[in-house]
Amino acid sequence: MLSRFLYMALWWLLAPIAVGRLFWRARREPAYRDHIGERFGYAPNHSAKAPEKPVIWIHAVSVGETHAAQPLIEALLRDYPKAQILLTHMSPGGRARSAALFGDRVLCRYLPYDMRCAVRRFLQYYQPIIGLIFETEIWPTLLHTCKKAQIPTVLVNARLSERSYKKYRTAMQWTGIVRDTFASFTRILAQTPADAQRLSALGAHNVSAVGNMKFDITPAPQQIAKGRAWREAIGEKRAVWVAASTREGEEALVLDAFKRSGHSETALLILVPRHAARFDDVAAQLKRADWRFTRRSAWGVETLTSTNALDSRIQVLLGDSMGELTAYYAAADIAFIGGSLLPFGGQNLIEACAIGVPVLFGPYTFNFAQATQNAIDAGAAQCVAHPDALGKALHAIWTDPALHRQMREAALSFSAAHCGATQRTVQALQPLLSKGAP
């Protein structure tokens, strides 16, 4: 097909730009310079041998997908101990998160660019018995090559927003590569019936809804304990809220809402930007606006105690750390989920609910539409339309203990009620895994 040929040709033109972008991003995150050969399908080093065990390959593009994949990976490690789990990423953050979660129990690599030579090199070296792609990663050459090589591929925990669906439908009017790509999946295990319906309409076969595996993530007890210790150091009676996974442009809106709440002189905001590359920029923004703030890294300790309690004059704690979001939630009374005040599509609210934290989010939640609506229906969350409404919601929950308790209990019940997707996913994968995994 002509469109596939043009797509592959375009990658040859884009590859030098993609490498240049890695070095550009390495100005702030040096890890982007590492393992560039893997992005072209090469093994980590020339002397490395391919795994001798059957390889179950899982692709989780970045931190969020890696975290979401944890329950499934743990289940596969338990049920298929003689197989080798290969976990691929696109970002250093995802790779670092994988190392923190799994250590040497899995192989961590970068997924090659979607060039036929790179993809073939990768598949020939690792020879996976199956490929499990998390959530929304669609790579035409990768999927087409896997199909030709008779390597089954499954889109797991799959989601597709209405906005993305419309974009794909528009693209289908101009090229057949979209339908061919979705049809290349051996099976798709979607989060919701709505996701399954949209994916089927794009040409996917053998689609079923099994739930969202993020509900099966158990908050790490050590992280919860850390957060409780932080809260003791902050002050048990002090009101605390966390604005988690904020995106560029949202911090100013969140800080405005904090002022509007009427509690900015007495409460504490834990502000956690989604991307580590923005920590310094957000710190500079806080400084310019004369907020009294400190950085999580400035404490320089893993567990806070009364001997290094947070100064009560501090208004904002900048969460400039990775892998501690659970602890931040555990230290807070209320969680605001970022990426939702501006049209980024929102972020995952499930982890906050699992800890029993009442949740607030803005109007843009199209990437997690079903989960956010379910949380609202359960009484665990509220949607706010703008910063003024966010400030009012903060005030209302802080000044109404009964409302806070009601939302906290609803959050825990909501989280528990939606568990089980991981087990359903493993059961669905068994026929495919039984052909190659011991």
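A quick note: this is a predicted structure, and the numbers were derived from the prediction, not measured.

1. Here we look at the overall build of the protein chain
Across its full length, the protein chain holds 18 helices and 14 strands. Scaling as 2.2 N^0.38, a compact globule of 438 residues should have a C-alpha radius of gyration of about 22 Å, and the protein chain matches this with 22 Å. Within the protein chain, the proportion of its 438 residues that are buried is 55%. Within the protein chain, counting contacts between residues at least 6 apart in sequence, those at least 24 apart form 69% of the total. Approximately 19,200 Å² of the protein chain is accessible, and the part contributed by carbon and sulfur atoms is 54%.

2. So, the sheet that holds strand β4 (residues 128-134)
Spatial ordering of the open sheet is given by β3-β2-β1-β4-β5-β6-β7, a layout of 7 strands whose pairing is parallel. Strand pairing shows two members of the sheet lacking a second neighbour, β3 (107-110) and β7 (207-209), which therefore form its edges. Each strand axis lies, on average, 20° off the axis of its neighbour in the sheet, ignoring direction. Relative to strand β6 (residues 187-190), strand β5 (residues 153-158) is paired through 3 bridges, and the arrangement is parallel. Note that in β6 the partner of Val154 across the bridge is Arg187. Across the sheet, helix α8 (residues 193-201) is in contact with β5, β6 and β7; its angle to β7 comes to roughly 170°.

3. Focus: the packing of helix α10 (residues 250-260) against helix α16 (residues 387-398)
Here α10 crosses α16 at 50°, and the two axes come no closer than 7 Å. Taken as axis vectors, α10 and α16 run oblique relative to one another. Judged by the twist between their axes, the crossing of α10 over α16 is right-handed. From α10, Leu253, Asp256, Ala257, Phe258 and Arg260 reach across to α16, where they touch Pro387, Asp388, Leu390, Gly391 and Trp398. Residues that form the contact of α10 with α16 fall into these classes: 6 nonpolar, 1 polar and 3 charged.

4. Details of the sheet that holds strand β11 (residues 316-318)
The strands making up a sheet associate through hydrogen bonds between their backbones, and the pairing can be parallel or antiparallel. Overall, parallel pairing links the 7 strands, which are arranged β10-β11-β9-β8-β12-β13-β14 in an open sheet. Of all strands in the sheet, those bounded by a partner on one side alone are β10 (293-295) and β14 (381-383). Between one strand axis and the next, the sheet turns by 20° as a mean value, whatever way the strands run. Of the strand pairs in this sheet, strand β13 (residues 359-361) and β14 are connected by 3 bridges, and their pairing is parallel.

5. Side note on the nonpolar core
Across soluble globular proteins, you tend to see nonpolar side chains buried next to one another. Formed by 44 residues in total, the largest nonpolar core has its most connected members in Trp57, Leu155 and Leu199. In terms of residue count, helix α1 (residues 2-25) provides more of this core than any other element does, 7 residues in total. Here Trp57 is in contact with Leu86, Thr88, Leu111, Phe122, Leu123, Pro128, Ile130, Gly131, Leu132, Ile133, Leu142 and Cys146, once residues within four sequence places are set aside. Counting residues in hydrophobic clusters, the runner-up holds 35 residues, among them Val272, Ile337, Ile350 and Val357.

6. Concerning helix α17 (residues 401-417)
Across its 17 residues, α17 extends 24 Å between first and last C-alpha, which sits within 8% of the 24 Å expected from 1.5 Å per residue. Those residues of α17 lying buried are His404, Met407, Ala410, Ala411, Phe414 and Ser415. All buried residues of α17 lie within an arc of 130° about the axis, which places them on one face of the element. Within α17, the exposed residues directed more than 90 degrees away from the buried face are Pro401, Gln406, Ala416 and Ala417. Packing partners of the buried residues in α17 comprise α14 (350-355), β13, α15 (369-378), β14 and α16.

7. Side note on the layout of surface pockets
Computed from the structure, the second largest pocket encloses a volume of approximately 350 Å³. Looking at the second largest pocket, it is lined by 21 residues, and the ones nearest its centre are His67, Gln70, Leu101, Thr218 and Ala220. Of all the secondary structure elements, the ones that give two or more residues to the lining of the second largest pocket are α2 (63-79), α3 (92-102), α9 (221-234) and α14. Tallying contributions element by element places α2 first for the lining of the second largest pocket, with 4 residues. Residues belonging to the lining of the second largest pocket are distributed by class as follows: 8 nonpolar, 8 polar and 5 charged.

8. Observations concerning the pairing of β3
Consecutive side chains along a regular strand alternate between the two faces of the sheet. Bridge count between strand β2 (residues 84-89) and β3: 4 bridges; the pairing is parallel. If you follow Leu86 over to β3, its bridge partner there is Leu107. Each parallel crossover has a hand, and the one from β2 via α3 to β3 is right-handed.

9. A word on the environment of Gly227
Relative to the helices and strands, Gly227 is located in helix α9. The buried category is assigned to Gly227, whose relative accessible area is 0%. Spatially, the C-alpha atoms of Gly227 and Ile151 are 43 Å apart, while their sequence positions differ by 76 residues. Not counting chain neighbours up to four residues away, the residues in contact with Gly227 comprise Ala327, Ala330 and Ala331.

10. A few points about the packing of α2 against α3
Where α2 meets α3, the closest approach of the two axes is 9 Å, and the angle between their N-to-C directions is 30°. Put simply, α2 runs roughly parallel to α3. Crossing of α2 over α3 shows right-handed handedness. Where α2 abuts α3, its residues Val63, Thr66, His67, Gln70, Ile73 and Glu74 lie against Gly93, Gly94, Arg97, Ser98, Leu101 and Phe102. In the contact of α2 with α3, the residues fall into 4 nonpolar, 6 polar and 2 charged.

What counts and how
Residues numbered from 1 in each chain as written. Predicted model: local features only at pLDDT ≥ 70, side-chain atom pairs only at ≥ 80, totals over all residues. Heavy atoms only, no water. Helix = DSSP H or I, 4+ residues; strand = E, 2+ residues; numbered from the N terminus. Rg over C-alpha atoms; globule rule 2.2 N^0.38 Å. Buried < 20%, exposed > 50% of the residue type's maximum accessible area, 1.4 Å probe, protein only. Contact = heavy atoms within 4.5 Å. Areas by Shrake-Rupley, 256 points an atom, 1.4 Å probe, with all protein chains shown as cover. Pairing = 2+ DSSP bridges. Axes fitted to C-alpha atoms, helices over the stretch in contact; angles between N-to-C directions. Parallel < 35°, antiparallel > 145°, perpendicular 65-115°, else oblique. Left-handed = near helix turned anticlockwise from the far one by under 90°. Nonpolar A, V, L, I, M, F, W, Y, C, P; charged D, E, K, R; others polar. Core = buried A, V, L, I, M, F, W, Y, C linked by side-chain atoms within 4.5 Å. Expected span 1.5 Å × (residues − 1). Arc of directions from axis to C-beta. 1 Å grid on protein atoms, 1.4 Å probe; cavity = no way out; pocket = protein on both sides within 12 Å on 5 of 7 lines; lining within 4 Å. Points joined across faces, edges and corners; volume = space filled by probe spheres on them. Right-handed = clockwise from strand over helix to strand, strands pointing away.

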